[in-house]
Amino acid sequence: MMIFLGPPGAGKGTQAARVAERLGLTKISTGDILRAHVREGTELGKKVAPIMERGDLVPDDLILAIIKEELKKLPVPRVIFDGFPRTRPQAEALDRLLGDLGLRLDAVVLLEVPTDELVQRLMKRAQEEGRVDDNEETIRRRLAVYREETEPLIDYYARKGVLFTVQGVGPVDQITECVLKVIGAA
Ligand code: ADP
């Protein structure tokens, strides 16, 4: 089991997909799952749409329900989490869940990207993809929420001895190779 950690715009989704493909793991992206609910107009989608639009975090209990459901779908869960956990309670709940399932957290990959570069990337994505949460105000909010809620997880996982840091700037291929190398898979 792996986790991709890092600020919005760091390239977690892209790298998680590439590494999942290379290692034959299943990628679980809470952001993608939530956006699908919003698109399809489900009850959950209606609840989370305004939260996501503001750049705030969806409540932990809703996220954990999603994660449990996704894990249940897999006969043998071998997973890369993208965008989860994002809070300390989510991280602690994941520890318990993995413990119950007898699964081990092998690696947490932190993608580091300077803030200026993050804002530029998110603004560019805003123009190209038109995601409702990719506007300047929301981008600032998401970065602030990251610093406050998610950044403390770096220390949480460093203490467990499972944290690997990779610079998320440069050619996408090279970053993937770096990730595979630091986790000892290449
Ligand atoms: P990014 O990393 O670029 O901000 P994501 O696609 O990972 O984008 O997430 C988009 C939004 O979905 C977040 O701003 C948040 O509102 C919600 N979200 C995704 N994952 C979580 C999570 N684990 N906990 C709480 N909210 C989440």
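Per chain, residue numbering runs from 1 following the sequence as it is written. Two thresholds apply to this predicted model, a pLDDT of at least 70 for residue-level local features and 80 or more for giving and counting side-chain atom pairs, whereas whole-chain, interface and lining totals are computed over all residues. Calculation of side-chain values draws on the structure's entire complement of heavy atoms; hydrogens and water are dropped beforehand.

### Let's talk about the overall build of the protein chain
Point 1. Per the convention used, a helix needs a DSSP run of H or I reaching at least four residues, while a strand needs a run of E reaching at least two, with both numbered from the N terminus. Assigned secondary structure in the protein chain consists of nine helices and five strands.
Point 2. In sequence order, the protein chain lays out its α and β elements as β-α-β-α-α-α-β-α-β-α-α-α-β-α.
Point 3. Just to be clear, the radius of gyration here is over C-alpha atoms, and the globule rule we use is 2.2 Å times residues to the power 0.38. Taken over the C-alpha trace, the protein chain has a radius of gyration of 16 Å; the compact-globule value for 186 residues is 16 Å, and the two agree within 12%.
Point 4. Considered along the principal axes of its C-alpha atoms, the protein chain spans approximately 40 × 40 × 30 Å.
Point 5. Only protein chains enter the accessibility calculation, which uses a 1.4 Å probe. A residue is then buried if its area is under 20% of the maximum for its type, exposed if over 50%, and partly exposed in between. Among the 186 residues that make up the protein chain, the fraction classed as buried is 46%.

### Let's talk about the site of the ligand
Point 1. By convention in these notes, a residue is near a molecule or strand provided one of its non-hydrogen atoms lies within 4 Å of it. Around the ligand, 20 residues are found, and the nearest of them are Thr30, Arg35, Asp56, Gly83 and Gln90.
Point 2. Pairing of N or O atoms within 3.5 Å defines a polar contact, subject to two protein rules: one partner must be a possible hydrogen donor and the other a possible acceptor, and residues neighboring in sequence count only if both atoms are side-chain atoms. Arg142 has a polar side-chain atom sitting 3.1 Å from an oxygen atom of the ligand.
Point 3. Top element by residues in the shell around the ligand is helix H2 (residues 30–40). It accounts for four residues.
Point 4. As a working rule, the residues Ala, Val, Leu, Ile, Met, Phe, Trp, Tyr, Cys and Pro are called nonpolar, Asp, Glu, Lys and Arg charged, and the rest polar, with Gly in that last group. Its residues assigned to classes, the shell around the ligand comprises seven nonpolar, five polar and eight charged.

### Describing the environment of Ile175
Point 1. Mapped onto the fold, Ile175 is located in helix H9 (residues 172–182).
Point 2. A relative accessible area of 7% means that Ile175 is categorised as buried.
Point 3. When the C-alpha positions of Ile175 and Asp134 are compared, they lie 24 Å apart, and in sequence the two are 41 residues distant.
Point 4. Contacts: residue pairs with any heavy atoms within 4.5 Å of one another. In this structure Ile175 touches Gln15, Leu111, Val166, Gln167, Gly168, Val169 and Gly170, once residues within four positions along its chain are discounted.

### Considerations on the packing of helix H6 (residues 115–129) against helix H7 (residues 136–150)
Point 1. Axes here mean lines fitted to C-alpha atoms, for a helix over just the part in contact, with angles spanning 0 to 180 degrees between N-to-C directions. At a minimum axis separation of 10 Å, H6 and H7 run at an interaxial angle of 140°. Comparing the axis directions of H6 and H7 gives the class oblique. Here H6 runs over H7; the crossing is right-handed. When H6 is examined against H7, the residues Thr115, Leu118, Val119, Leu122, Met123 and Arg125 are found in contact with a partner set consisting of Glu136, Ile139, Arg142, Leu143 and Arg147.
Point 2. In terms of residue class, the contact of H6 with H7 is made up of six nonpolar, one polar and four charged. By the definition adopted for this analysis, an angle is roughly parallel if under 35 degrees, roughly antiparallel if over 145, roughly perpendicular if from 65 to 115, and oblique otherwise. By convention the crossing between two helices is left-handed if the near helix lies anticlockwise of the far one by an angle smaller than a right angle, and right-handed if it lies clockwise.

### So, unusual backbone geometry
Point 1. Backbone torsion omega between Phe84 and Pro85 reads -5°, so that peptide bond is classified as cis.
Point 2. Assignment of secondary structure puts Pro85 in the loop between strand S3 (79–82) and helix H5 (88–101).

### Comments concerning the environment of Ala186
Point 1. Structurally, Ala186 can be placed in the segment after H9.
Point 2. Those residues in contact with Ala186 that lie beyond four places of it in its chain are Leu180 and Lys181.

### Concerning the side chain of Thr30
Point 1. Within the fold, Thr30 resides in helix H2.
Point 2. Filtering out sequence-adjacent residues up to four positions away, Thr30 remains in contact with Ile63, Ile67, Asp82, Gly83, Phe84 and Arg86.

### A short note on helix H3 (residues 43–54)
Point 1. Of all the residues in H3, the buried ones are Leu44, Gly45, Val48, Ala49, Ile51 and Met52.
Point 2. Tucked inside the fold, the buried residues of H3 contact H2, helix H4 (60–73) and H7.
Point 3. Count one or two residues on from H3 and you reach Gly55, which has phi positive near 90°.

### Quick look at the packing of aromatic side chains
Point 1. Stacked, tilted and edge-to-face pairs are distinguished by plane angle, under 30 degrees for stacked and over 60 for edge-to-face with tilted covering the rest, among Phe, Tyr and Trp rings (Trp via its six-membered ring) whose centres lie within 6.5 Å. Taken as a whole and judged by the stated rule, the model has two aromatic pairs.
Point 2. When the centroid spacing of 5.1 Å and the interplanar angle of 85° are considered together, the rings of Tyr156 and Tyr157 count as edge-to-face. Neither Tyr156 nor Tyr157 differs from the other in exposure class; each is buried.

### Concerning the pairing of strand S4 (residues 107–112)
Point 1. For S4, the tally of buried residues reaches five of six residues, placing the bulk of the element in the interior.
Point 2. DSSP calls a pair of strands paired once it identifies at least 2 bridges connecting them. Where strand S1 (residues 2–5) and S4 come together, four bridges link them in parallel fashion. What sits directly across from Ile3, in S4, is Val108.
Point 3. Direction of pairing for S4 relative to strand S5 (residues 163–167): parallel, over a ladder of five bridges. Within the sheet, the bridge partner assigned to Leu111 lies in S5 and is Val166.

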